[in-house]
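# Overview (structure and organization)
Okay, here's what each chain looks like letter by letter:
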Amino acid sequence: MSAFLDLLPDRPRRLAVLGAGTVGRALLPRLAALEPTLSLCLLATSRWRCADPEGLPAGAALAAIALAQAGPDAAPDTVQAHDGSGDLPAWFGPGDVLVDATASEALAARHARWLQRGLRVVTANKLGVGGPLIRHQQVRRQVENGAWYGDAATVGAGLPLLRCVRDLRAGGDRVSALAGVLSGTLAWLFDGYDGSTPFSARVREAVALGYAEPDPRVDLSGEDVRRKLLILARAAGQPLDAGDVQVESLLTPALLGARDAASTDAALVSLDHALSVRARDAAARGNVLRYVARLDGAHARIGLESLPLGHALAQGGACDNRVAIWSCRYDQRPLVIQGPGAGAGVTAAALLDDIRRATT
Ligand SMILES: NC(=O)C1=CN([C@@H]2O[C@H](COP(=O)(O)OP(=O)(O)OC[C@H]3O[C@@H](n4cnc5c(N)ncnc54)[C@H](O)[C@@H]3O)[C@@H](O)[C@H]2O)C=CC1
Ligand SMILES: N[C@@H](CC=O)C(=O)O
């Protein structure tokens, strides 16, 4: 059905960008590379939406939303308040491209329905194919029917990890195991961390660098890594759900109890003692700490590991992800993929690549 609906419109394809935060803002200036094939017609934040079916200059759309935020009366007619549920204007239809650059559960729950309507969906939001298994299956069903779904940015911020797993499988190989560092934030936090400086200060820096999730507890709890491991496992043919993954959370009771961004920030100091003890203990053995995700068949677990300095998974610096893949083809020595796994620039570039693929 989706393939039937996905007729090429006799105008530039319309583009909607939902989310104008770290990633969405980095995408906007890059869109100029896709003109005149594609025309930005909708830009939304969680509360405001700037839309024009004839097209919007990205800078003007951002400025219009900023005006509305400052005081709705000052906003131009193109800006309206919205409830974040993902309702789209009637003129946005089959063949048009929608980018989800949010971390919204409500929007992720819409991905399959958008595909069914003939929209081409490109996402950095992992809750679409890394959320509940049923949601993943609904999206896959649409893709099998010819719909276009670009999810390269969801794992490794666009590193060719997901593509590699899918290509191996499509070529008849069987991925038997995966192991690696899948969080740019946690890679950066543990790179060079020996317990002598406050871990909380490092978390604040990782947030400022744009590596962390909108709520950094999603990184610290292992939830972000769980979503990525689920995406990879499902791509490898293991239909796992969230409860199938054993996760070691780094959150403290104080962080768990925090109710908003300010109290979360204040509660970060509760991480300092416990993690410095673990880092010093690792250092005393000549080891380093790494937050590692492992998939072996249908067994999936994630947690902090103390690894010898020379260990393959202890390599890579800064926000690098580093993942080893074992398959029939790579059974003796794994295939290893490494590179920056978080950050506005690489993620926006991955979204742009997917948008380009969606429109050619
Ligand atoms: N920061 C990174 O390195 C990477 C981020 N991602 C993913 O990209 C997504 C966005 O991350 P950031 O830009 O860092 O977050 P952010 O918090 O900076 O921005 C999120 C944006 O989404 C908007 N938003 C939230 N709910 C919305 C809704 N219902 N409708 C429309 N807009 C809505 C917010 O107003 C904000 O503009 C997340 O899902 C994250 O996991 C993926 C790969 C790497
Ligand atoms: N918060 C995530 C961003 C990319 O997915 C991470 O740190 O890896």
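This text gives an overview of the structure that appears in the document. Keep in mind that what you see is a predicted model, and the values were worked out from it rather than measured.

### Considering the site of ligand 1
Near ligand 1 there are 25 residues, and of these Val23, Gly84, Thr102, Glu213 and Gly343 occur at the shortest range. Here Gly21 contributes a backbone N or O atom positioned 3.3 Å from an oxygen atom of ligand 1. At 2.9 Å, a side-chain N or O of Lys126 approaches an oxygen atom of ligand 1. The protein chains hide 86% of the 840 Å² of surface that ligand 1 would expose on its own.

### Quick word on the sheet that holds strand β9 (residues 245-247)
Pairing in this open sheet of 6 strands is mixed, and the strands run β9-β11-β10-β8-β12-β13 from one edge to the other. Whereas interior strands pair on both sides, the edge strands pair on one side only; in this sheet they are β9 and β13 (335-340). The average undirected angle you get between the axes of adjacent strands in this sheet is 25 degrees. Bridge count between strand β8 (residues 175-181) and strand β10 (residues 287-296): 4 bridges; the pairing is antiparallel. Looking at the pairing, Gly180 lines up with Ala293 of β10. Contacts from helix α11 (residues 223-235) reach β8, β9, β10 and β11 (299-308) within the one sheet, and its direction differs from that of β10 by about 40 degrees. This element, helix α14 (residues 272-284), spans β10 and β11 of the sheet and lies at about 100 degrees to β10.

### Quick notes on the packing of aromatic side chains
Under the definition given, this model contains 5 aromatic pairs. Between the aromatic rings of Phe190 and Phe199, the centroid separation amounts to 5.2 Å while the plane-to-plane angle is 40 degrees, which identifies the pairing as tilted. Phe199 shares its class with Phe190; the two are buried. Aromatic ring contacts, followed pair by pair, group Phe190, Tyr193 and Phe199 into a single cluster.

### With respect to the site of ligand 2
Taken together, Lys126, Ser183, Gly184, Thr185, Tyr211, Ala212, Glu213, Asp219, Asp224, Lys228, Gly341 and Ala342 make up the full set of residues near ligand 2. In the environment of ligand 2, an oxygen atom lies 2.8 Å from a nitrogen or oxygen atom belonging to the backbone of Gly184. Asp219 has a polar side-chain atom sitting 2.7 Å from a nitrogen atom of ligand 2. Protein chains bury 94% of the 250 Å² of accessible surface belonging to ligand 2 in isolation. For the shell around ligand 2, the secondary-structure elements that each account for two or more residues are α8 (184-190) and α11. Residue classes in the shell around ligand 2 are distributed as 3 nonpolar, 4 polar and 5 charged.

### As for the nonpolar core
Of all hydrophobic cores here, the largest spans 69 residues; its most connected members are Leu161, Leu182, Phe190, Phe199, Leu220 and Ile325. Ranked by residues supplied to this core, first place goes to α11 with 7 residues. Two domains each donate at least three residues to this core, and these are domain 1 (2-159 + 345-358) and domain 2 (168-340). When near neighbours in sequence (up to four residues on either side) are disregarded, Phe199 contacts Leu189, Phe190, Tyr193, Leu220, Leu271, Asp272 and Leu275.

Calculation criteria
- Residues numbered from 1 in each chain as written.
- Chains lettered and ligands numbered in written order.
- Predicted model: local features only at pLDDT ≥ 70, side-chain atom pairs only at ≥ 80, totals over all residues.
- Heavy atoms only, no water.
- Near = heavy atom within 4 Å.
- Polar contact = N/O pair within 3.5 Å; in protein donor to acceptor, adjacent residues only side chain to side chain.
- Areas by Shrake-Rupley, 256 points an atom, 1.4 Å probe, with all protein chains shown as cover.
- Pairing = 2+ DSSP bridges.
- Helix = DSSP H or I, 4+ residues; strand = E, 2+ residues; numbered from the N terminus.
- Axes fitted to C-alpha atoms, helices over the stretch in contact; angles between N-to-C directions.
- Contact = heavy atoms within 4.5 Å.
- Phe/Tyr/Trp six-rings, centres within 6.5 Å; stacked < 30°, edge-to-face > 60°.
- Buried < 20%, exposed > 50% of the residue type's maximum accessible area, 1.4 Å probe, protein only.
- Nonpolar A, V, L, I, M, F, W, Y, C, P; charged D, E, K, R; others polar.
- Core = buried A, V, L, I, M, F, W, Y, C linked by side-chain atoms within 4.5 Å.
- Domains from an automatic or database assignment.

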